[in-house]
Amino acid sequence: SLSTRNCPCKMSQLPPKSPLASPVSEGTNSRVEALDNLSMDSFWLEVENIKQSAETEQEECSLADVKTQEEGEAEAEWLQDAGLADLLGDRASDNDNIVLLSTLTRTQAAAVQRRLDTYSRSRRRKNKHPVRDVRDIFGVVSSEETAAEKEEPSPDPLWHNLRTANAQRKTQDYSCTVRNPGKEEVFNMDVAYSEQAALLLKGSFLSEPRKSKDGNVLTKFKITKGRLGVTRIGDLSAQDMKKIPTLALIELTALCDILGFELKRNKAAKLKTTEKRLFGVPLNTLLENDQKLLPNTKVPLLLQALLSCLEKRGLETEGILRVSGSQTRIKSLEQKLEREFYTGLFRWDEVHQNDVSGLLKRFIRELPAPLLTAEYLPAFAAVQNIPDLKQRLQALNLLILILPEPNRNTLKAILEFLSKVVARENNNKMNLWNVSTVMAPNLFMHKGLPNKIPEGKEKQLAEGAADVVRMMIHYQDLLWTVSSFLVAQVRKLNESNSKRYQFCDKRIKNLLRKIHADKDKVEKNQAEPSKIVKVHASLLLKDSLEVHLNNATRVADVLRQFQKNLCQNGWNIVNTVNLLKCNNSMDCTNLLLYEVGGNIGEHCLDPDTYLLDLYHINPHAEWIIKQNPSYPRMF
């Protein structure tokens, strides 16, 4: 289940090497099998290196006690993190909860209801006032329903059917062949993952062997581009991105419910203060300090320096990451970096690349809290238990969206570097599975978390952790995408908040009728076959661009039209820095079109977005052309 414990820091109960061969699919030749066995040896060797490093600093590797939660506590924490804390009391807030609930799909609302039911039962046992039933507060739980008065069936029968189907499915044999190796499959982000999973319950899951080591046979997925294009992490404003984690948590919980997994999270550990400036310092603190030197820093400067050094001199090194540097030298270099890094006196060209890779792994392990967070590390580790590859990726996508921004940005920088290592496999002899097995212990073992592993599960957990790292490296472009259904929910939240609906139990039906009436007005506007709009570029020129939209007009077309007018019509350019190529022609690829205001904060648009469709969804937004922001590395 998704409550499976993660790998520990003290690994005394695990062997330094696994004598067992890794499972391989039928038809795999002996050469690949030998590589697989070698790569699992690398996993256990890395565990042994971490263990030896930890033994020299016993005072820093004590394990934190984790208090067992009473019934209802986990549900209360979940509802708080899901933005529904006010449902726990006797009175709901005047706006926030009803707005959030109004955006949920049926499977998402059913997940909320189950947590409320469990919490309500625990409250009754403790003779406290019962919490409000979500069905009493919000009779219509499906965001697709348009009739406010239409009664929704209780989610309980659905849950019963899901449990029955899951109980039957758990007896199935998932050891089938790789699904469509090398063939491109569609990855649908328009419909909520939990809704897709509910539809699949009628059939059986098609899965692939969990431990396919050769990255070349992994299924290729293509995100379906709707007419609104694809939204990547970073395309939304900070204000809108703050809404994504709560929505992703509700969706992840709904998905796990349907797949028959229990989503349990650790409590956030209290971080110990340290006198150090670099290693063992919380990510937030590191970034705050770095931003004083370099505003807008998204990834710690030390990590940028480590990765830059390895990219310049280590990518071609055979066994990079796997071959360990000297522990004594690494410890000495850490102390020297603490003294000299911010002074600019540290000489990276004098450091051996294997020692730099050791410093990189040490930086990750020494973070006071796991990079994948203490709360969600068990869920990341347990993704391996989902039989279907596509659904494993759906769960990973949601988990990455839940991560705090500093953790997510830092993880992305590391994964981008690991992809570059894999790309040089012919020279460094580090394929995707090799890199995954070496990095997995550094991401999934942490000194501040429980160290109990069920007997006989060591090998399964080790391979599962490596498989999750493999997926994060190989599918990172997909995983760093914000699903269209989540963007649509953000728009609904913004629309409802801007209208400032007043919440009152007696007027709930009137409230819902008003919400859906406004929605119908927007849908009627979509009948317009064409529209003339103005596109602004105030930072680049004084004039605005008038654009005639039809069903075929895309963002890329507008940018080309802007480029043409800029060059031919002699517009008064305010700022030409970085816009002109060597031949004095405008570089269209350096321009981006943003949707600003209305039901979105700020949204960088996909070049393939059809603008008339976007106008119908957000008619009150402004469209602004801006330069493509760049954040060059300091080192």
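- Where an unreviewed UniProt entry is consulted, the chain appears under the name RHG40 protein, with the organism given as Sapayoa aenigma.
- In its Function (unreviewed entry) section, the UniProt entry covering the chain states "GTPase activator for the Rho-type GTPases by converting them to an inactive GDP-bound state."

**Concerning the pairing of strand β9 (residues 622-627)**
Part 1 of the reasoning: Note: strand β5 (residues 531-536) against β9, 2 bridges, orientation parallel. Residue pairing across strands places Val535 opposite Trp623, the latter belonging to β9.
Part 2 of the reasoning: For strand β7 (residues 591-597) and β9, the ladder comprises 6 bridges, and the chain directions are antiparallel. Paired with Val596 across the two strands is Glu622, which belongs to β9.

**Some details on the pattern of salt bridges**
Part 1 of the reasoning: Tallying each qualifying case throughout the model produces 23 salt bridges.
Part 2 of the reasoning: A salt bridge links Lys225 to Asp606, with the shortest nitrogen-to-oxygen separation between them at 3.1 Å. Of the two residues, Lys225 sits in the loop between β2 (220-223) and β3 (231-232) while Asp606 sits in the loop between β8 (600-604) and α24 (611-617), which places them 381 residues apart along the sequence.
Part 3 of the reasoning: In this structure Lys225 comes out as partly exposed when scored by relative accessible area, which is 44%.
Part 4 of the reasoning: Take Asp606: its relative accessible area is 9%, and that puts it in the buried class.

**A look at the packing of helix α4 (residues 106-125) against helix α9 (residues 244-259)**
Part 1 of the reasoning: Close contact between α4 and α9 brings their axes to 8 Å; oriented N to C, the two are set at 85°. The orientation of α4 with respect to α9, classified from their angle, is roughly perpendicular. In this structure, α4 uses Thr107, Gln108, Ala111, Val112, Arg114 and Arg115 to contact α9, whose residues at the interface are Ile250, Glu251, Thr253, Ala254, Asp257 and Ile258.
Part 2 of the reasoning: Looking at the contact of α4 with α9 residue by residue, the class counts come to 5 nonpolar, 3 polar and 4 charged.

About the cut-offs
- Residues numbered from 1 in each chain as written.
- Predicted model: local features only at pLDDT ≥ 70, side-chain atom pairs only at ≥ 80, totals over all residues.
- Heavy atoms only, no water.
- UniProt positions renumbered as here; feature names shortened; annotations may be inferred.
- Pairing = 2+ DSSP bridges.
- Helix = DSSP H or I, 4+ residues; strand = E, 2+ residues; numbered from the N terminus.
- Salt bridge = Lys/Arg side-chain N within 4 Å of Asp/Glu carboxyl O.
- Buried < 20%, exposed > 50% of the residue type's maximum accessible area, 1.4 Å probe, protein only.
- Axes fitted to C-alpha atoms, helices over the stretch in contact; angles between N-to-C directions.
- Parallel < 35°, antiparallel > 145°, perpendicular 65-115°, else oblique.
- Contact = heavy atoms within 4.5 Å.
- Nonpolar A, V, L, I, M, F, W, Y, C, P; charged D, E, K, R; others polar.

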